[in-house]
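Architecture at a glance
One letter stands for each residue in the lines below.
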Amino acid sequence: MSPARSPPYNPRVPRIRLSRLSRLARRAAIVLIAGLFAAVLVAPRMDAEEEWRTTAEVNVRYEIEARVLEGKGDDDRLRIGGEQLVVWTNTSDEPVSVAYLHLYANAFRNTRSSFLREKAFEGWSPPDDMQYGGIEIRRLSRVGFPGELELSYVSADDANPADRTVARVQLDPAIAPGGQLALKMKFTTTLPTIVARMGHKDDFIMAAQWYPKLGRFVGTQSTMRGVREGWYCHQFHRSTEFFADYADYLVTLHVPSGTVTGATGTRVSDETDEVDFIRTETWEAKSVVDFAWTSSPRYERHVREIRPLRAAAGLAPMDDPVRKELIRVAALRGVDPESIDIPGVWVTLLIQPEHAAQVDRHFEAARVALGMFGIWFGAYPYDRLTIVDPAHGARAAGGMEYPQLVTAGTRNAAPERTLRPEGVIVHEIGHQWFMNLLATNEAEEAWLDEGLNTYFTTRALHLAYGPPIGEHRLLGVPFLVTPFFEFPGLGAGWPEWIDLPEWAHPPDLDIFTAWRDLPPLTMLPTQRYRKDPMARRRASYVRRAGWDEMVKPGWEFVDRSSYGVNAYSRPLLLLATLRRTLHWRLGADEGERAFDAGMLRYARDWRFRHPTTADFLAAFSDGAGFDVRPIVAALTQTAGALDYAVESIKPLEEPELAGWVERDGETVLVHEDGESGERRRGRDEPRTAVVVRRRGEVVVPIRLQVTRDSGPADEVSWTTVEWDGEERWKRFVFEGEIVAARIHPDAEYLQDVDRRNDSRVVEPTTRPGVKWGVRFMLWLENAALSYGRFL
Amino acid sequence: MIDPTGSVRAAWRAVRRAKRLVILVALVDGLACLPAAIYAGLAVHRSAAHQTDATALARTFDPDFMADLRGTDGDFDATLIALTTSTLVLFFFVRPLFMGGYVAIAARGDRIRFDEFIRVGGAVYWKFLRIALIGVVTAYLLSLAASPLLDYIDDQAANFRTEGPALTYRRITELVVFAAFWVLGTILDYTRVGIRMHRRPGVFAELLRSAVFVMQHPVETLGFSALAFGIEIAVIWAFALLLQAADGAYLITSVAILILVQILVALREACRLFHHAGAWRIRRREEGGGEAEAGRADGLARDDLLANLPWNG
């Protein structure tokens, strides 16, 4: 399907729109706007008057002509033959005598590349029919200069001689400041079996990181890590993504006719040669950090104009989550909701035919993402976006973001309440902001793209869909239940501690696991989180807390799991802390406004630029009017754990007065039996001591709340005190009988590695223990009988 | 002919007459599982009982709470795995006793007392334990033998262009492997019946004879086994609905669930007895027992159940 109306390429920015007004109304509006403008000038953090950047400062231009080459005879490999002209402008103030190129595809050249070697360290082994890939520059010359240039490979990160993902080119003469370098090259990219992001599965092609790409010149005086001769150009590692200059692309693709393609940018021409069965398409993309494309003859192509604030017919209803969020945010910013413009985007969905029933779900998820992120961080500035559903067996190509093109991935049976594929679609579209528009260094500061995006993805999904239902998938059947306990063994993952040779491992049999665990019987339908969507990410963090600092190069984490925690989960918890701390310090309304203003300031000031962690913190603090750097430093610059505990609640009973005491100028003997008539102090006014202990290394200010009332936590009244959290423990004494105490009342520190001790009641209940003990017994007895059925 | 061999009728009669015994067996099953369940309950209690939202933690499964319970050191999981493994081992050693009792009920076709049940079970215990051991080893070897097939199908399935056929292939393959386990289980049940019926000491020889018997009478043997299995699955399904409906956070609902669990376990035990009784009937009939009811055709007196077992002297 083709769109009925295709708008020209036109990067968009949020703009104020006035509807048709009568002359009188116009005057009134002018006065009103003038008033608002004045208010804006007065309010230091209201930045609506400042301009949003519409394009990037582009200093690279790629012109690529690429052709899909099929192997002949027994050679069933797919290749891309390309010719490329790269024009780079030296915007620095120093001459440049070398150039560095990323040859990402060489990560799949052999098992000794840094990428596959690091993947092998995780336990990965290549499949039997693995096709290795790679990229080879067959001819490289400098326009205007005779002869060919020579490449040398550089492995600065790990000194791995087998890695060829970075190449160095000597330039003579050097490029003067303001001068241009034009490199012309012929290259061949062999597409590997898809093990990560790029490659092919049969005739499905995911061409990402497929062409020689310039590194970033940051200057020889740059303090960035790993800069060589002024160029920032790291090797391709297992746990790193990308970092590149904004560029303009003009790419011509020659693909077999009959294939359906999608790519970054806009298709500006499309011709089919009926004789050679070749289809030629030209794509143009501006102000983007990368160019990716895909093709497959099996794609079903659906195109819709997605207007986030509009339903299928007319304006979205008032209870539409995107519309509700718009109204909420507009109120926070003190602007008319109409003034936050979220224009329509032509979304192309390339979906596998067997997933056709999920087309509407894909588009709705795209609407949610474009709407929510557009409201929060300024509208998506391009007019096109492509969502790719990778082929079966190519799942490793899914869940990845490229400018104007994202890969998602779904399954045949995908119950709506599990939010698959909605979760991955919203997340990858979110990267259009936290990767492309805010082009951070994904290699060394992954938290700025993955972490921030994960936080806002979680928020968007929560607002739009509510808590997802837990899923336990066996033999492709999604059981909407969660196990209390997962026992290893036959059919359920052989326990690692039983050291058997590989051949002696019994196979995993889903059907046996289903028979043993009987999911509908022993498991419970549950939500992935109870109330707090951010709490869902705690589990992974708690397991890996204390291993690594949050911000460091991706290849320097202890393992992939630690990278994942510090790139995704921990930043999400940090953002939750920032928001909740602002609520705490400034009050709920003002705190929410400050959080929104902080993020908006960052998104606006650094749109189409390359912010760092320091830039984010400065912009956020400036926008929010609250310096969050001390909190962030405490929570991210150490691998130590955060753990505060309510250790005890004890009545303070002063001992019966006995012994020698001064009274009326005389020393008298007072007996415990009260002969003297002395009353124990506090007998009628009981006091309670609550001891809070800092068990971890991280020091943060905390809140302690106590209550004298019995009842559900949400219904009793709490008394709050604050503590700087410095000492190892602190005793708080309260008048009256305290029945319960809790710290972090608004879950402001989800990083607390043990939340079980974050609250304490004087009178415990046996309900949870009995409930889950019985539930476990239900599983165990039935598992034993199921095993016994075959003996 | 709904019940051509009379096995269903005989099996049903055996189950009806052994109601109390089955409930007792379920109770013993419950006792065997109690230590692990108590540990799980205590661990949750220690972690949740003092929390301000303890009732909410009882009401719904909270993944965040579970993350804390499991913690960073994995002690909870490790202990529970150890206790679960111990319970399964205990089950393994106790089951032959009960299986012996079930076969005795099938042989008698009449009520027997619990002490008789245990004594008869004890009389064949070592034989039946050997059968269980053979079952474990055979199941393990069967799974190893199936590995190449599963790997091959996985490789083939990965090459499919769509997920649907790939899943179908995997499901069919796993079904075949599961069916092999099920046939093995059926043969083992007939071996137990054969040993008790013919009073022949050789376990391996009887296993082979039983395998041949099952293969020679696939409709009767496997058909009846499928019926017993189907009943068991239906019972499980019905209780799944019941237990989900009864889920709650209060002590009374937990007690109700505990009772339902024990009823379910008793019904599943009844299904095992049902199969043994039916198997006895089928084997007796096919091996020359005529149309008489299970247990009665062999003309054994009450005491004969406990005597004349050659391996007990």
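Residues numbered from 1 in each chain as written. Chains lettered and ligands numbered in written order. Predicted model: local features only at pLDDT ≥ 70, side-chain atom pairs only at ≥ 80, totals over all residues. Heavy atoms only, no water.

Comments concerning the sheet that holds strand β33 (residues 740-743) of chain A
Residues and elements named next belong to chain A.
- In space, the four strands of this open sheet follow the order β31-β30-β33-β34, with antiparallel pairing throughout. Since the sheet does not close on itself, it has two edges, and those belong to β31 (719-723) and β34 (759-761), each with one partner. When the angles between neighbouring strand axes are averaged without regard to direction, this sheet yields 15°.
- Pairing analysis gives three bridges linking β33 to β34, with the strands arranged antiparallel. Paired with Arg-742 across the strands is Ser-759, a residue of β34. (Pairing = 2+ DSSP bridges. Helix = DSSP H or I, 4+ residues; strand = E, 2+ residues; numbered from the N terminus. Axes fitted to C-alpha atoms, helices over the stretch in contact; angles between N-to-C directions.)

Quick word on the pairing of strand β18 (residues 293-296) of chain A
Residues and elements named next belong to chain A.
- Residues of β18 alternate between two faces, with Trp-293 and Ser-295 on one and Thr-294 and Ser-296 on the opposite face, all of them buried.
- Pairing of strand β9 (residues 204-207) with β18 involves three bridges; the strand directions are antiparallel. Looking at the pairing, Ala-207 lines up with Trp-293 of β18. (Buried < 20%, exposed > 50% of the residue type's maximum accessible area, 1.4 Å probe, protein only.)

Overview of the state of the cysteines
- Overall, the coordinates contain zero disulfides over all chains when judged by the stated rule.
- For B:Cys33, which is in no disulfide, the shortest distance to another cysteine sulfur is to B:Cys271 and amounts to 18 Å. (Disulfide = S-S within 2.5 Å.)

What about the sheet that holds strand β7 (residues 180-190) of chain A?
All names here are of chain A.
- Read from one edge to the other, the open sheet built from seven strands follows the order β4-β7-β2-β1-β14-β17-β16, with strand pairing classed as mixed. Strands at the two margins of the open sheet, each flanked by one partner only, are β4 (134-142) and β16 (266-273). Here the strands of the sheet are splayed against their neighbours by 15° on average, with no regard to which way each runs.
- Sheet topology note: the strand β1 (residues 60-70)/strand β14 (residues 247-256) ladder contains eight bridges and is parallel. The residue of β14 that forms the bridge with Ile-64 is Val-251.

Side note on the domain arrangement of chain A
All names here are of chain A.
- Structurally, chain A comprises domain 1 (60-245), domain 2 (439-469 + 530-640), domain 3 (471-526) and domain 4 (644-768).
- The straight-line distance from the C-alpha centre of domain 1 to that of domain 2 is 31 Å.
- Between domain 1 and domain 2, the contact holds 17 residues from the first and 15 residues from the second.
- Regarding the contact of domain 1 and domain 2, the summed buried area is about 1400 Å², with carbon and sulfur atoms giving 49% of it. (Domains from an automatic or database assignment. Contact = heavy atoms within 4.5 Å. Buried area = accessible area lost by both parts, 1.4 Å probe.)

Section: the environment of A:Ile375
Residues and elements named next belong to chain A.
- Turning to its location among the elements, Ile-375 is positioned in helix α4 (residues 359-377).
- Using a relative accessible area of 1% as the deciding quantity, one classes Ile-375 as buried.
- Separated by 49 residues in the primary sequence, Ile-375 and Leu-326 place their C-alpha atoms 6.2 Å from one another.
- Those residues in contact with Ile-375, other than ones at most four positions away along the chain, are Val-322, Glu-325, Leu-326, Val-329, Arg-333, Ile-340 and Ile-342.

Thoughts on the interface of chain B and chain A
- Listed per partner, the contact involves 104 residues of chain B and 90 residues of chain A.
- Together, the buried faces of chain B and chain A total about 8300 Å²; carbon and sulfur atoms form 64% of this surface.
- Of all residues in chain B, B:His50, B:Phe61 and B:Arg161 give up the largest surface area on contact with chain A, accounting jointly for 10% of the area buried on that side.
- On the surface where chain B and chain A come into contact, there are 32 residue pairs in polar contact (both at pLDDT 80 or more).
- Of all the elements in the fold, those that place two or more residues in the side of chain B that touches chain A are α2 (19-48), α3 (54-59), α4 (63-70), α5 (75-108), α7 (125-158), α8 (163-198), α10 (218-246) and α11 (251-289) of chain B.
- Residues of the side of chain B that touches chain A, tallied by class, amount to 56 nonpolar, 26 polar and 22 charged. (Polar contact = N/O pair within 3.5 Å; in protein donor to acceptor, adjacent residues only side chain to side chain. Nonpolar A, V, L, I, M, F, W, Y, C, P; charged D, E, K, R; others polar.)

A short note on a negative patch on the surface
- On the surface, A:Asp128, A:Asp129, B:Asp151 and B:Asp155 cluster together into a patch of negative charge.
- By the element assignment, A:Asp129 lies in the loop between α2 (114-121) and β4.
- Residue A:Asp129 is classed as partly exposed on the basis of its relative accessible area, which comes to 47%. (Patch = residues over 30% accessible without salt bridge, like charges linked within 9 Å, V, L, I, M, F, W, Y side chains within 5 Å. Areas by Shrake-Rupley, 256 points an atom, 1.4 Å probe, with all protein chains shown as cover. Salt bridge = Lys/Arg side-chain N within 4 Å of Asp/Glu carboxyl O. Lys, Arg positive; Asp, Glu negative; His and termini not counted. Charge placed at Lys NZ, Arg CZ, Asp CG, Glu CD.)

Thoughts on empty space enclosed by the protein
All names here are of chain A.
- Following the criterion strictly, the structure yields 12 cavities of 30 Å³ or more and no others.
- Roughly 120 Å³ of volume is contained in the largest cavity.
- Per-element tally for the lining of the largest cavity: the top contributor is strand β22 (residues 400-402), with three residues.
- Residues of the lining of the largest cavity, tallied by class, amount to nine nonpolar, two polar and five charged.
- Composition of the lining of the largest cavity by domain shows at least three residues from each of domain 1 (60-245) and domain 2 (439-469 + 530-640). (1 Å grid on protein atoms, 1.4 Å probe; cavity = no way out; pocket = protein on both sides within 12 Å on 5 of 7 lines; lining within 4 Å. Points joined across faces, edges and corners; volume = space filled by probe spheres on them.)

Observations regarding the packing of helix α8 (residues 510-517) of chain A against α8(B)
- Where α8(A) contacts α8(B), the axes come no closer than 8 Å and their chain directions differ by 60°. Regarding the angle of α8(A) to α8(B), the classification is oblique. Where α8(A) approaches α8(B), its residues A:Asp510, A:Ile511, A:Phe512 and A:Trp515 are matched on the opposing element by B:Glu174, B:Leu175 and B:Phe178.
- Partitioned by chemical class, the residues of the contact of α8(A) with α8(B) number five nonpolar, no polar and two charged. (Parallel < 35°, antiparallel > 145°, perpendicular 65-115°, else oblique.)

Remarks on the side chain of B:Ser147
- Inspection of the secondary structure puts B:Ser147 in helix α7.
- Those residues in contact with B:Ser147 that lie beyond four places of it in its chain are A:His505 and A:Pro507.

Thoughts on the pattern of salt bridges
- Enumeration over the complete set of coordinates arrives at 65 salt bridges over all chains.
- For A:Glu281, the salt bridge identified is with A:Arg279, shortest N-O distance 2.8 Å. The same class applies to A:Glu281 as to A:Arg279, namely buried.
- Close ionic contact of B:Glu269 with B:Arg95 constitutes a salt bridge, the shortest N to O distance being 2.5 Å. Here B:Glu269 is found in helix α11, whereas its partner B:Arg95 is found in helix α5, with 174 residues between them in sequence.
- The network of salt bridges with common partners includes A:Glu325, A:Arg328, A:Arg459, A:Arg579 and A:Glu592.

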